[in-house]
There are 2 protein chains.
Amino acid sequence: MKISKEQVAENRQAVLDAAATLFRERGFEGVTVAEIMKTAGLTHGAFYGHFASKDDLIAQTCTHALAPFSAEDAPVVGIMDFADYYLSAGHRDDPGQGCIFSSLGTEAVRSSDATRHTLTESVRHRIENFSQTAPGKTATERRQAAVGSWAAMVGAVMLSRLVDDKELSDQLLADTRAWLEKSQAKK
Amino acid sequence: MKISKEQVAENRQAVLDAAATLFRERGFEGVTVAEIMKTAGLTHGAFYGHFASKDDLIAQTCTHALAPFSAEDAPVVGIMDFADYYLSAGHRDDPGQGCIFSSLGTEAVRSSDATRHTLTESVRHRIENFSQTAPGKTATERRQAAVGSWAAMVGAVMLSRLVDDKELSDQLLADTRAWLEKSQAKK
DNA sequence: TGTACATCAGTGAACGCGCGTTCACTGATGTAC
DNA sequence: TGTACATCAGTGAACGCGCGTTCACTGATGTAC
């Protein structure tokens, strides 16, 4: 039952896609290798032909999921434009397709060196990207605005998902957005 | 080998203390029941005399660890005073004694109803507390400042622990603090 | 106050399930002639 | 171009370890008389 080279590449992408969604929805430890392979349309035995271990998959999944944002030519995005998406109910309610930091942040602290390194570089890119349009007279001020604003978004979405009261959850998102808007306006 | 009532109460507290530290350091799933009991000076078999399950322990540990902040007479604390502690290297480097949201936030999303409810009430209290001294003309503005500022702190500490570059980690904390200070100052 | 006995917190061996990982086998692909 | 064979991605049964949980047993506490 040998498979064509194209099919192999497709299968590999399917596994990475399935892992990217499932990990963000249920955490690295909340999803089994067998479940990921099944979602990708394969059996668990095929897993080790593609990846050295579950940890290896985690690292490669992070790289895979963050690729669009880490590209050198990634589009510059304004903080408030980003906030409109990031602090939306849609993003909160669909972690599987959302930001990896607000869905896996506290677990990733204890992940492999490779995973943490990928995430670190992504943090750097995100800050550099936001810094280009952030308010402030100096580069330092703009970077501070970029870091502070993004940290607030990540924290707010994480808390909004945690809370068991929809009203409070909505308020966390809306209040953070309002506060960001005011902070941006003032230079 | 029956034990005195005082000793039973002490043992229970020791288990909760051990769990509170270990969970924050290594995550709910990264610590075993046996390890917690050993840290508390007991054997794993005694666990089920105190708690119905590991999930029950998690819920009670959250209540235990958050008790000081959830009390009705908890002291009102200024946002920047709190930020001085929260965004310090000391807090970042000692998650075992630190804020539960920045160490367990993304895992807690998938925890039991009881755990999430305890955390929700704690979020509410924290916001109410900060709102009392937050800047703003109206109650709404003050609440927005409280929510946005706290979200930024939680996000910043989580990211600062995640990153594998000490310089970037320090910068995340310092930039967030600087940005918070500026945002507080303006009204 | 002293003695006999029931209680029950803690012990540690054992259970059983789930999960990451391995491996002998299959059969379609793609190469050699 | 057609045929024979080697390759190797995928299959699914099996392994083994770790962890949450259970349970028969122990022996100090505290109560009854």
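Here we summarise the structure given alongside this text. (Residues numbered from 1 in each chain as written. Chains lettered and ligands numbered in written order. Predicted model: local features only at pLDDT ≥ 70, side-chain atom pairs only at ≥ 80, totals over all residues. Heavy atoms only, no water.)

All right, on to the layout of surface pockets then. Of the voids in this model, the largest pocket is the one considered here, and its volume is about 460 Å³. Looking at the largest pocket, it is lined by 24 residues, and the ones nearest its centre are Glu29 and Glu107 of chain A together with Glu29, Gly30 and Glu107 of chain B. Taken together, the elements giving at least two residues each to the lining of the largest pocket come down to α4 (54-70) of chain A together with α4 (54-70) of chain B. Within the lining of the largest pocket, the residues separate by chemical class into four nonpolar, eight polar and twelve charged. The volume enclosed by the second largest pocket comes to roughly 320 Å³. What lines the second largest pocket is a set of 16 residues, among which Phe69, Ala74, Pro75, His125 and Asn129 of chain A lie closest to the centre. With five residues, helix α8 (residues 113-131) of chain A is the single largest residue contributor to the lining of the second largest pocket. Of the residues in the lining of the second largest pocket, the class split is eight nonpolar, five polar and three charged. (1 Å grid on protein atoms, 1.4 Å probe; cavity = no way out; pocket = protein on both sides within 12 Å on 5 of 7 lines; lining within 4 Å. Points joined across faces, edges and corners; volume = space filled by probe spheres on them. Helix = DSSP H or I, 4+ residues; strand = E, 2+ residues; numbered from the N terminus. Nonpolar A, V, L, I, M, F, W, Y, C, P; charged D, E, K, R; others polar.)

Turning next to the nonpolar core. Formed by 110 residues in total, the largest nonpolar core has its most connected members in Phe101 of chain A together with Phe101 and Trp150 of chain B. Non-local contacts of Phe101 of chain A, meaning those with residues more than four positions away in its chain, are made with Leu66, Leu119, Ser122, Val123, Arg126, Trp150 and Val154 of chain A together with Thr106, Met158, Leu159 and Leu162 of chain B. (Core = buried A, V, L, I, M, F, W, Y, C linked by side-chain atoms within 4.5 Å. Buried < 20%, exposed > 50% of the residue type's maximum accessible area, 1.4 Å probe, protein only. Contact = heavy atoms within 4.5 Å.)

This part is about the packing of helix α9 (residues 139-162) of chain B against helix α10 (residues 166-185) of chain B. Residues and elements named next belong to chain B. Here α9 crosses α10 at 170°, and the two axes come no closer than 8 Å. When the interaxial angle is binned, α9 and α10 end up roughly antiparallel. Contacts from Ser149, Ala152, Met153, Ala156, Val157, Leu159 and Ser160 in α9 reach Ser169, Leu172, Leu173, Thr176, Leu180 and Gln184 in α10. When its residues are assigned to classes, the contact of α9 with α10 shows eight nonpolar, five polar and no charged. (Axes fitted to C-alpha atoms, helices over the stretch in contact; angles between N-to-C directions. Parallel < 35°, antiparallel > 145°, perpendicular 65-115°, else oblique.)

Once that is clear, we can look at the interface of chain A and chain B. How big an interface is tends to be reported as the loss of accessible area on association of its parts. With 57 residues of chain A at the interface, the matching set in chain B holds 57 residues. Both faces considered, chain A and chain B share a buried interface measuring about 4,600 Å² in area, 60% of it formed by carbon and sulfur atoms. Looking only at chain A, the three residues that lose the most surface to chain B are Arg110, Leu162 and Trp179 of chain A, adding up to 16% of its buried area. Our count for the contact surface shared by chain A and chain B stands at eight salt bridges. Counting across the interface, chain A meets chain B through 19 residue pairs in polar contact (both at pLDDT 80 or more). For the side of chain A that touches chain B, the secondary-structure elements that each account for two or more residues are α1 (5-26), α7 (100-108), α8, α9 (139-162) and α10 (166-185) of chain A. Of all the elements, α9 of chain A adds the most residues to the side of chain A that touches chain B, at 17 residues. When the residues that make up the side of chain A that touches chain B are grouped by side-chain class, the tally is 23 nonpolar, 16 polar and 18 charged. (Buried area = accessible area lost by both parts, 1.4 Å probe. Salt bridge = Lys/Arg side-chain N within 4 Å of Asp/Glu carboxyl O. Polar contact = N/O pair within 3.5 Å; in protein donor to acceptor, adjacent residues only side chain to side chain.)

Another point: the packing of aromatic side chains. Inspection of the entire model under this criterion finds 17 aromatic pairs over all chains. Pairing Phe23 of chain B with Phe28 of chain B gives two aromatic rings, centres 5.2 Å apart and planes at 75°, and the pair type is edge-to-face. Residue Phe23 of chain B is classed as buried on the basis of its relative accessible area of 1%. Above the plane of the ring of Phe69 of chain A lies Arg126 of chain A, whose end atom (NZ or CZ) is 4.9 Å from the centre. (Phe/Tyr/Trp six-rings, centres within 6.5 Å; stacked < 30°, edge-to-face > 60°. Lys NZ or Arg CZ within 6 Å of the ring centre and 35° of its normal.)

Another point: the side chain of Asn129 of chain B. Residues and elements named next belong to chain B. Mapped onto the elements of the fold, Asn129 is located in helix α8 (residues 113-131). Note on Asn129: relative accessible area 13%, which makes it buried. Engagement of the side chain of Asn129 in a polar contact is seen with the backbone nitrogen of Val77, the distance being 3.1 Å.

This part is about empty space enclosed by the protein. Residue and element names in this part refer to chain B. Applying the stated criterion across every chain yields a total of two cavities of 30 Å³ or more. By volume, the second largest cavity is sized at about 30 Å³. Forming the boundary of the second largest cavity are Ala20, Phe23, Arg24, Phe28, Thr61, Cys62, Ala65, Ile100 and Leu104. Among the elements of the structure, α1 (5-26), α4 and α7 (100-108) are those that each provide at least two residues to the lining of the second largest cavity. The class makeup of the residues in the lining of the second largest cavity is seven nonpolar, one polar and one charged.

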